[in-house]
Amino acid sequence: MLAEFRTKRETERIRVEEKYQVIGFISSGTYGRVYKARAKKTVKSADGEEKELVYAIKKFKPDKEGDIHTYTGISQSACREISLCRELQHQNIISLQEVLLEDNSIHMVFEYAEHDFLQIIHHHSQNERKPIPEFTIKSFLWQLLNGVAYLHANWVLHRDLKPANILVTADGVVKIGDLGLARIYERPLQPLFNGDKVVVTIWYRAPELLLGSRHYTKAIDIWAVGCIFAELLTLRPIFKGEEAKMDNKKNVPFQKNQLTKIFDVLGKPTKEQWPTIDQQPEYHNLSSFRSYPNRLREFYNSCSSNSDAGFGLLSEMLEYDPVRRITAEGALHHPYFDEDPKPSMDSFEGQRFQYPLRVVKSEDNDMKVPPAANSTVQGQAGATHGGTRGKHGHSGKDEGRPPKRRV
Ligand code: AMP
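Reading guide: rules and limits
Counting of residues starts from 1 at the beginning of each chain's written sequence and follows it residue by residue. In keeping with the predicted nature of the model, local features appear solely for residues at pLDDT of at least 70, side-chain atom pairs appear and are counted solely at 80 or more, and the whole-chain, interface and lining totals rest on all residues. Only hydrogens and water are set aside when side-chain values are computed; all heavy atoms of the structure are taken into account. UniProt positions are given in the numbering used here, feature names are shortened, and annotations may be inferred rather than shown by experiment. Counting from the N terminus, the helices are DSSP H or I runs at least four residues long and the strands are E runs at least two residues long. Working definition: with a 1.4 Å probe on protein chains only, accessible area under 20% of the residue-type maximum means buried, over 50% means exposed, and in between means partly exposed. Areas reported here follow the Shrake-Rupley algorithm with a probe of radius 1.4 Å; residue values treat only the protein chains shown as occluding. In the analysis that follows, any N or O atom pair within 3.5 Å is treated as a polar contact, provided that within protein one partner can donate a hydrogen and the other can accept it, and provided that, for residues neighboring in sequence, both atoms belong to side chains. Salt bridge, as applied in this entry: a Lys or Arg side-chain nitrogen positioned within 4 Å of an Asp or Glu carboxyl oxygen. Geometry is summarised by axes, namely lines fitted to C-alpha atoms with helices restricted to the contacting stretch, and by angles between N-to-C directions that run from 0 to 180 degrees. Crossings are classed by handedness, with left-handed meaning an anticlockwise turn of the near helix from the far one by less than a right angle and right-handed meaning a clockwise turn. A contact between two residues is defined here by any heavy atoms of the two lying within 4.5 Å. We call Asp, Glu, Lys and Arg charged. Ala, Val, Leu, Ile, Met, Phe, Trp, Tyr, Cys and Pro are nonpolar, and the rest, Gly among them, are polar. Strands are treated as partners if at least two bridges between them are detected by DSSP. For a helix, the expected span equals 1.5 Å multiplied by the residue count minus one. Pairing of aromatic rings covers Phe, Tyr and Trp, the last through its six-membered ring, and needs centres within 6.5 Å; plane angles under 30 degrees mean stacked, over 60 mean edge-to-face, and all others mean tilted. Only when the NZ atom of a Lys or the CZ atom of an Arg is both within 6 Å of the ring centre and within 35 degrees of the ring normal do we say a charge sits over the ring.

- As named in an unreviewed UniProt entry, the protein is Cyclin-dependent kinase 8, taken from Glomus cerebriforme.
- Under the UniProt heading Subcellular location (unreviewed entry), the note attached to the protein is "Nucleus".
- Here is the UniProt Sequence similarities (unreviewed entry) comment for the protein, exactly as written: "Belongs to the protein kinase superfamily. CMGC Ser/Thr protein kinase family. CDC2/CDKX subfamily."

See the structure below:
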């Protein structure tokens, strides 16, 4: 009876290829792969023209036991991402079109975003060799905060904000992606920090996490946004530390190097700045650090913006004390955004050049990538700018950067 039901369900299930044609492969990770695909069904635009709709399909690996693929359930990461994406709807959060199950693999179909912050930062540092225009930075930052404010208002923490996860559509709209680590934190059943399950890529990890805090707050995401703002301004990660790895006994190591990078710019935190610092589990380790001056102003003066308000906002996002750190909602109303150039929902407005299109490749036999895509597939702009990401080892993954952690 059950077997009969299963067979019937399998034959009736809509297959990915019935609805989508895979254009090529974008990226792979521990969880699976991301593909670019077009919908087989076109839609009519307002002027009556047939329009093709493009999507990003995230295919999760099936659970694996030994060499046999078995369907034992879906990964925690996929499960979280699906349940959150289904609920969340906001113009600055990537939208989930549908979820398909095929061959024991979950396929999440997302709206397609042509760019991401990491790709744009690379383009400016390697190709253009000039800063990102202040208007674009301000629009990026405002929209990113707008998305984060929405997540926080809905009791969701992203927990892994970094340039590679902040997508941008061809129309210049910021879309926060990768909600695989996001989590509802209203009443956590267990602490959001769990032994080896440390989250947030180390360069963007807040000082309270580095000092062993077990209580996740919205302030952790804001620290990451502050780091991203600084990176957009200087085209380099502001706190580029090296992650200390876990030992064989799975003891969580003290991240001395990352903290040194932070102290180098912000100075060593004092009790005046952070009254509860001595309650942090790793506080005792701070005695091994010498004192450092605060050089944030010097750092800011060397970047592309000369707005004092911009400096003020950056300092408030990189406040040591998580309680004093500005909130996303507060940041949206910061005077920096009232100053010219004012932010826009089209971050590329008035821009004469186009960023290279996302690199799409064919070397994949997992999802029937067409033979035509036998080399790197790019659009016109990609051709113009000559494969930036491939050349710099940046083909959709943040290579050279700390690895993504999944819980
Ligand atoms: P993720 O696992 O969500 O971080 O995705 C891995 C990579 O796939 C990202 O860094 C992007 O390069 C790409 N990607 C993810 N989602 C999309 C999307 N909606 N549109 C285009 N590319 C995407």
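Past the structure itself, the notes keep going.
## Some details on the overall build of the protein
Point 1. A count of helical and extended segments in the protein gives 13 helices and 14 strands.
Point 2. Going through the 407 residues of the protein one by one, you find that 51% of them count as buried.
Point 3. Entry remark: accessible area of the protein is about 19,700 Å², with carbon and sulfur atoms responsible for 49%.

## A word on the environment of Asn285
Point 1. One can find Asn285 in the loop between helix 8 (256-266) and helix 9 (296-301).
Point 2. Along the sequence, Asn285 and Gln255 sit 30 residues apart, while their C-alpha atoms lie 10.0 Å from each other.
Point 3. Among the polar contacts made by the side chain of Asn285, one reaches the side chain of Glu282 at a distance of 2.7 Å.

## Quick word on the pattern of salt bridges
Pairs can form between side chains of opposite charge whenever their charged atoms are close.
Point 1. As enumerated under the stated definition, the model contains 16 salt bridges in all.
Point 2. Residue Glu111 is joined to Lys175 by a salt bridge in which the shortest nitrogen-to-oxygen separation is 3.5 Å. Taken together, the positions of Glu111 in strand 9 (residues 105-111) and Lys175 in strand 13 (residues 174-176) put the pair 64 residues apart, joining distant regions of the chain.
Point 3. Measuring nitrogen to oxygen at the nearest pair gives 3.0 Å for the salt bridge that ties Arg358 to Asp116. Of this pair, Arg358 sits in the loop between helix 11 (328-332) and helix 12 (380-385) while Asp116 sits in strand 10 (residues 115-116), placing them 242 residues apart in sequence.
Point 4. In this structure Arg358 comes out as buried when scored by relative accessible area, which is 7%.
Point 5. Overall, the relative accessible area of 3% leaves Asp116 in the buried class.

## Regarding the packing of helix 7 (residues 219-234) against helix 10 (residues 308-317)
Point 1. Close contact between helix 7 and helix 10 brings their axes to 8 Å; oriented N to C, the two are set at 140°. Crossing hand, helix 7 versus helix 10: left-handed. Every residue of helix 10 that contacts helix 7 at Ile222, Trp223, Val225, Gly226, Phe229 and Ala230 is listed here: Gly310, Leu314 and Met317.
Point 2. The class makeup of the residues in the contact of helix 7 with helix 10 is 7 nonpolar, 2 polar and no charged.

## Thoughts on the environment of Gln351
Point 1. Mapping Gln351 onto the fold places it in the loop between helix 11 and helix 12.
Point 2. In this structure Gln351 touches Pro133 and Thr136, once residues within four positions along its chain are discounted.
Point 3. A polar contact is formed between the side chain of Gln351 and the backbone oxygen of Phe353, at a distance of 3.4 Å.

## Topic: the pairing of strand 1 (residues 20-28)
Point 1. Of all 9 residues in strand 1, 7 are buried; the element is thus mostly enclosed.
Point 2. Sheet analysis places strand 1 next to strand 2 (residues 32-39), joined by 7 bridges and oriented antiparallel. Bridge pairing in strand 2 places Ser27 opposite Val34.
Point 3. In sequence, strand 1 turns back onto strand 2 through a hairpin of 3 residues.

## Description of helix 7
Point 1. Its 16 residues place the ends of helix 7 23 Å apart at the C-alpha level, agreeing with the 22 Å of an ideal helix rising 1.5 Å per residue.
Point 2. Following helix 7 by one or two positions, Leu235 has its phi on the positive side, about 65°.

## Regarding the sheet that holds strand 10
Point 1. Read across the sheet, 3 strands follow the order 10-12-13 without closing on themselves; strand pairing throughout is antiparallel. The open sheet terminates on both sides in strands that have one partner only, identified here as strand 10 and strand 13.
Point 2. For strand 10 and strand 12 (residues 166-168), the ladder comprises 2 bridges, and the chain directions are antiparallel. Bridge pairing links His115 to Val168 in strand 12.

## Side note on the packing of aromatic side chains
Point 1. Scanning the model with the defined rule gives 16 aromatic pairs in all.
Point 2. Look at Phe263 and Tyr292: their rings are 6.1 Å apart centre to centre, the planes differ by 65°, and that puts the pair in the edge-to-face class. Taken as a pair, Phe263 in helix 8 and Tyr292 in the loop between helix 8 and helix 9 lie far apart in primary sequence, 29 residues in all.
Point 3. Judged by relative accessible area, which is 1%, Phe263 ranks as buried.
Point 4. Note on Trp274 and Tyr320: the rings are 6.3 Å apart at their centroids and 10° apart in plane angle, and the pair reads as stacked. Here Trp274 is found in the loop between helix 8 and helix 9, whereas its partner Tyr320 is found in the loop between helix 10 and helix 11, with 46 residues between them in sequence.
Point 5. By relative accessible area, Trp274 is classed as buried at 1%.
Point 6. Here the aromatic residues Trp223, Phe239, Phe254, Phe263, Trp274, Phe289, Tyr292 and Tyr320 are joined through ring pairs into a cluster of three or more.
Point 7. Above the ring of Tyr336, the side-chain terminus of Lys138 is found at 4.4 Å from the ring centroid.

## Notes on the pairing of strand 9
Point 1. Within strand 9, 6 of the 7 residues are buried, leaving the element largely enclosed by the surrounding structure.
Point 2. Bridge count between strand 5 (residues 54-60) and strand 9: 5 bridges; the pairing is antiparallel. Note on strand 9: the bridge partner recorded for Lys59 is His107.
Point 3. Sheet analysis places strand 8 (residues 96-102) next to strand 9, joined by 6 bridges and oriented antiparallel. Looking at the pairing, Glu98 lines up with Val109 of strand 9.

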